[in-house]
Each structure stands twice: as C-alpha cells, then as structure tokens.
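Analysis of the macromolecular model
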Amino acid sequence: MQCTISQQALLAALARVRGVAPKSTRIPILTHVLIEAEGGLLTLTTTDLDITAVANAPATVGAAGSCTASAAALYAFVRG
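In what follows, the accompanying structure is described.

Thresholds applied
Residues numbered from 1 in each chain as written. Predicted model: local features only at pLDDT ≥ 70, side-chain atom pairs only at ≥ 80, totals over all residues. Heavy atoms only, no water. Core = buried A, V, L, I, M, F, W, Y, C linked by side-chain atoms within 4.5 Å. Buried < 20%, exposed > 50% of the residue type's maximum accessible area, 1.4 Å probe, protein only. Helix = DSSP H or I, 4+ residues; strand = E, 2+ residues; numbered from the N terminus. Phe/Tyr/Trp six-rings, centres within 6.5 Å; stacked < 30°, edge-to-face > 60°. Lys NZ or Arg CZ within 6 Å of the ring centre and 35° of its normal. Polar contact = N/O pair within 3.5 Å; in protein donor to acceptor, adjacent residues only side chain to side chain. Contact = heavy atoms within 4.5 Å.

1. Structural notes on the nonpolar core
Counting 19 residues, the largest nonpolar core has Leu14, Val33, Leu42 and Leu44 as the members making the most contacts within it. Counting only elements with at least two residues in this core, the list comes to α1 (7-17), β2 (32-38), β3 (41-47), β4 (52-58) and α2 (71-79).

2. A word on the packing of aromatic side chains
Summed over the entire model, instances satisfying the criterion amount to zero aromatic pairs. For the cation-ring pair, arginine 18 lies above tyrosine 75, with the distance from its terminal atom to the ring centre recorded as 3.9 Å.

3. Some points on the side chain of threonine 43
Positionally, threonine 43 belongs in strand β3. Polar contacts involving the side chain of threonine 43 include one to the side chain of asparagine 56, which spans 2.8 Å. Dropping the residues within four chain positions of it, threonine 43 is found in contact with Leu34, Ile35, Glu36, Val54, Ala55 and Asn56.

4. Quick notes on unusual backbone geometry
Residue leucine 49 is not a glycine yet carries a positive backbone phi of 80 degrees. Relative to the helices and strands, leucine 49 is located in the loop between β3 and β4.

Geometric descriptors of this kind do not, in isolation, establish any biological role.
Structure follows, in structure tokens:
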C-alpha cells in the first residue's frame, strides 16, 4: 500500500471513526482502525461488533492495499 493524503483530511476521517473503537477489549484487533487505499480513496473502518463506522478521504493512491493500526495511537500521531 502506498498513498499520499493531507494531514487535515486524515485527521478528519480518523476523528469520525475513532470513537467507535473501544479503548480496551478482550479482542485486541477491535482497538484498531482498518485502513484501505484504492481508487483515489482512503477508507477507514472501526467497529465494536455492535456499531461500525466508516469514513472516506481523498488520497493519491500509488499502490492499493490495506493494513490496520491502533486507532488511538494513529490519531495521536497524526494530530501531532
């Protein structure tokens, strides 16, 4: 996965989905955000198994792909 996105666009998308990801859980992957890059969009998805939040942000995608990252840590890193 390779993409370029503005800090403001990524921060806005993360702000919309990070509230759904639980702070702690018996299923650690639920604290992560799924990041998918494809077709000029970066899609962020979080869930707590009851609610799912999805946000899209425009991005320049060089190579499509997906990964996960800790929602809280990524938000703190992007926020600065």
